[in-house]
2 protein chains.
Amino acid sequence: MPARTPRPGVPVRGSASGRPVMAALDLLGRRWTLRILWELHQAPAGFRELQRRCERMSSSVLSARLGELTDSRLIALHADGYRLTALGGDLVDALRPLDSWSHRWAAETDPGPSR
Amino acid sequence: MPARTPRPGVPVRGSASGRPVMAALDLLGRRWTLRILWELHQAPAGFRELQRRCERMSSSVLSARLGELTDSRLIALHADGYRLTALGGDLVDALRPLDSWSHRWAAETDPGPSR
DNA sequence: CATAGTGCTTCTAAAACAGAAGCAAGGAGA
DNA sequence: TCTCCTTGCTTCTGTTTTAGAAGCACTATG
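Keep in mind that this is a model prediction, so the values were computed, not measured. (Residues numbered from 1 in each chain as written. Chains lettered and ligands numbered in written order. Predicted model: local features only at pLDDT ≥ 70, side-chain atom pairs only at ≥ 80, totals over all residues. Heavy atoms only, no water.)

Draft legend 1. Broad picture of the packing of helix α5 (residues 86–95) of chain B against helix α6 (residues 97–108) of chain B. Residues and elements named next belong to chain B. One way to put it is that α5 packs onto α6 with a least axis distance of 5 Å and a crossing angle of 25°. Comparing the axis directions of α5 and α6 gives the class roughly parallel. Contacts between α5 and α6 involve Asp93, Ala94 and Leu95 from the first element and Pro97, Leu98 and Asp99 from the second. Taken together, the residues that form the contact of α5 with α6 break down as four nonpolar, no polar and two charged. (Axes fitted to C-alpha atoms, helices over the stretch in contact; angles between N-to-C directions. Helix = DSSP H or I, 4+ residues; strand = E, 2+ residues; numbered from the N terminus. Parallel < 35°, antiparallel > 145°, perpendicular 65-115°, else oblique. Contact = heavy atoms within 4.5 Å. Nonpolar A, V, L, I, M, F, W, Y, C, P; charged D, E, K, R; others polar.)

And the structure:
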């Protein structure tokens, strides 16, 4: 049984409280979810283009994530591909400081050999 | 082979670009990572308390995440438990708007039967 | 009619995760 | 010293999630 789409107000994986932020953390803490939102914020894209942009992410997972995000009304499919809804756009706006943070992180991270 | 800790400047899962934000999205898009940061922002906690707060999350995964976050210098272990570093605190600050967004999301989400 | 593009499903194998058990180290108390 | 308890953390087995190739139904274009 696949994990169901988290929604505010009901228990999610790791929290029975129903607190909205817990649902958000469950939803966003699934592989590719943050990345998909990020990509759609750069520009709308169809299924296959999204797959290309994320370096050939698995189609089965992409399909699952698109379903969850659509259920959650963060994205919607239009004639020109998937686009963020107003709600989804707000979420990415809320995440925008992440980009500038990541540069600070990079600046403070020793770029030596990996690991 | 376990996935290695993402770091800015080197390729990560789904992106060979080395762009810092891609490393951040890979790191944060792993189960429990966002939640752990969130919890530590509420208050520092030791291993077992963290496990309790996240409703008995698997100890093996908790251990892996703590290792990744420590490697990434977002958290550090002190006498009173794990705490966010300055860098980690900045990240959670960057994520703070997520909480208010989640309330808007809840307000616009029909609280009917799940799925 | 062929060709190529789309969104998306199905399948098998690999990776990640869940959860119970337990280990080594460090107190606190007797 | 000898329990007793707590800590961070590992190891193990079984389940869930993800990867990746293949392919289906549909639309458009030639």
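Draft legend 2. Structural detail: the environment of Gly18 of chain B. Residues and elements named next belong to chain B. Tracing the backbone through its elements, the reader meets Gly18 in the segment before α1 (20–28). We classify Gly18 as buried; its relative accessible area is 13%. When residues no more than four places from it in sequence are discounted, the contact partners of Gly18 are Pro8, Gly9 and Val10. (Buried < 20%, exposed > 50% of the residue type's maximum accessible area, 1.4 Å probe, protein only.)

Draft legend 3. Quick look at the pattern of salt bridges. All told, the structure shown has 20 salt bridges over all chains when counted by the stated rule. Among the salt bridges present, the one from Arg96 of chain B reaches Asp93 of chain B, with a minimum N-O distance of 3.4 Å. With a relative accessible area of 46%, Arg96 of chain B lands in the partly exposed category. Three or more residues joined by partner-sharing salt bridges are found here, namely Arg13, Asp26, Arg30, Arg65 and Glu68 of chain A. (Salt bridge = Lys/Arg side-chain N within 4 Å of Asp/Glu carboxyl O.)

Draft legend 4. The arrangement of the packing of aromatic side chains in detail. Residues and elements named next belong to chain A. The full count for this structure, using the stated rule, is two aromatic pairs over all chains. Centre to centre, the rings of Trp101 and Trp105 are 5.2 Å apart; their planes meet at 20°, and the pair counts as stacked. Separated by four residues within a single helix, Trp101 and Trp105 lie in helix α6 (residues 97–108), roughly one turn from each other. (Phe/Tyr/Trp six-rings, centres within 6.5 Å; stacked < 30°, edge-to-face > 60°.)

Draft legend 5. Quick look at the protein's contact with DNA strand C. Neighbouring residues of DNA strand C: 20 residues in total, closest Gly46, Arg48, Ser63 and Tyr82 of chain A together with Arg65 of chain B. Within 4 Å of the protein, the contacting atoms of DNA strand C are 52% sugar and phosphate, with bases supplying the remainder. Note that a base oxygen of DNA strand C is positioned 2.9 Å from one of the side-chain N or O atoms of Ser59 of chain A. For DNA strand C, a phosphate oxygen lies 3.4 Å from a polar atom in the backbone of Ala3 of chain B. Contributions of two or more residues to the surface near DNA strand C are made by α3 (47–53) and α4 (59–71) of chain A together with α4 (59–71) of chain B. Here the surface near DNA strand C gets four residues from one element, more than from any other, and that element is α4 of chain B. Of the residues belonging to the surface near DNA strand C, the class tally is seven nonpolar, seven polar and six charged. (Near = heavy atom within 4 Å. Polar contact = N/O pair within 3.5 Å; in protein donor to acceptor, adjacent residues only side chain to side chain.)

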